[in-house]
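Chain residues, written in single-letter form:
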Amino acid sequence: MQIYKVPDINLTKIDYKVGKEVLIALKNVIEKYPYLASVINCVGDFKYILEQKKITTKRLYNAKTQKNNPKNLYKTASFFTSCCYFDTDDVLKGEVPFYIGIGINEKDSYEKVISMIEMQTINNISYCSNIKECVYHEAGHILDRLLNLNNSMAFKKNIKRLMKENKYNYPVYALSSEREFIAECFAKYMTNPNYNEAVNTIGSIIDYLYDYVFNKQNINTNTNEIYKERVLKIMV
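All values reported here derive from a predicted model rather than from experimental measurement.

Things to note about the pattern of salt bridges
- Taken as a whole and assessed by the stated rule, the structure comprises 9 salt bridges.
- Its salt-bridge partner being Asp-207, residue Lys-32 comes within 3.7 Å of it at the nearest N-O pair. Of this pair, Lys-32 sits in helix α1 (residues 16-32) while Asp-207 sits in helix α10 (residues 197-214), placing them 175 residues apart in sequence.
- Residue Lys-32 is classed as partly exposed on the basis of its relative accessible area of 39%.
- With a closest N to O distance of 3.4 Å, Lys-112 and Asp-108 form a salt bridge.

Right, here's the structure in full:
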């Protein structure tokens, strides 16, 4: 069913408490970044989002279907995942992505998810300290791709510098790749924008570029403080 303008949200196989938290997080992130409602095709259990990806890309775009093995997803994605299939350059030209889905492991109970999140927090594995932040993490992956962040050589260079400096004892998962660093920082930015310099920097850049690309704001780069203090520092 359609919820928050996302055309297909199917949580019938998801633990009720988990689904409730997911919906609250979706509402929050879509209110802040409304364009996400236009590009997220569906939210549901792992098997469902993979099946919908195959159907959607074939029906709407006549794209080649890919063989998706849900077993691999259960092994690699823990309890949440983002499934992105599109050409970022097309998005920046105003074209709709092929497919974006957010998946939730239907095998996990609310208690199990909370327990896993608590263990990850205690062991400094992830910034995600609750279910909402897990959803924000996946939204961070989607925004990263929509805004083409990882294709900027200057941006990647400065992200690597932040990761290498590691002034704030970043979580293990954040240091696994540039994309995960962006998603982890964005997840924390959604709940605590001033958590640390990296979180504020990544979040501010996403805010700035989102406004520039999707809200078509004519931002004066000579006077805009975010541009001067954050974007210029890391994108150039």
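Right, picking up where we left off after that structure.
Here we look at the packing of aromatic side chains
- All told, the structure shown has 5 aromatic pairs when counted by the stated rule.
- Their ring planes at 80 degrees and their centres at 5.3 Å tell us that Tyr-127 and Tyr-195 sit as a pair that is edge-to-face. Of this pair, Tyr-127 sits in the loop between α6 (110-122) and α7 (131-146) while Tyr-195 sits in the loop between α9 (178-191) and α10, and the two are 68 residues apart along the sequence.
- By relative accessible area, which is 41% here, Tyr-195 ends up partly exposed.
- With centroids separated by 6.2 Å and ring planes inclined at 50 degrees, the aromatic side chains of Tyr-168 and Tyr-170 adopt a geometry described as tilted.
- An aromatic cluster is built from Tyr-33, Phe-186 and Tyr-210, whose rings are joined through pairwise contacts.
- The lysine or arginine in question, Lys-188, covers the ring of Tyr-195, its NZ or CZ lying 5.1 Å from the ring centre.

Conventions and cut-offs
Residues numbered from 1 in each chain as written. Predicted model: local features only at pLDDT ≥ 70, side-chain atom pairs only at ≥ 80, totals over all residues. Heavy atoms only, no water. Salt bridge = Lys/Arg side-chain N within 4 Å of Asp/Glu carboxyl O. Helix = DSSP H or I, 4+ residues; strand = E, 2+ residues; numbered from the N terminus. Buried < 20%, exposed > 50% of the residue type's maximum accessible area, 1.4 Å probe, protein only. Phe/Tyr/Trp six-rings, centres within 6.5 Å; stacked < 30°, edge-to-face > 60°. Lys NZ or Arg CZ within 6 Å of the ring centre and 35° of its normal.

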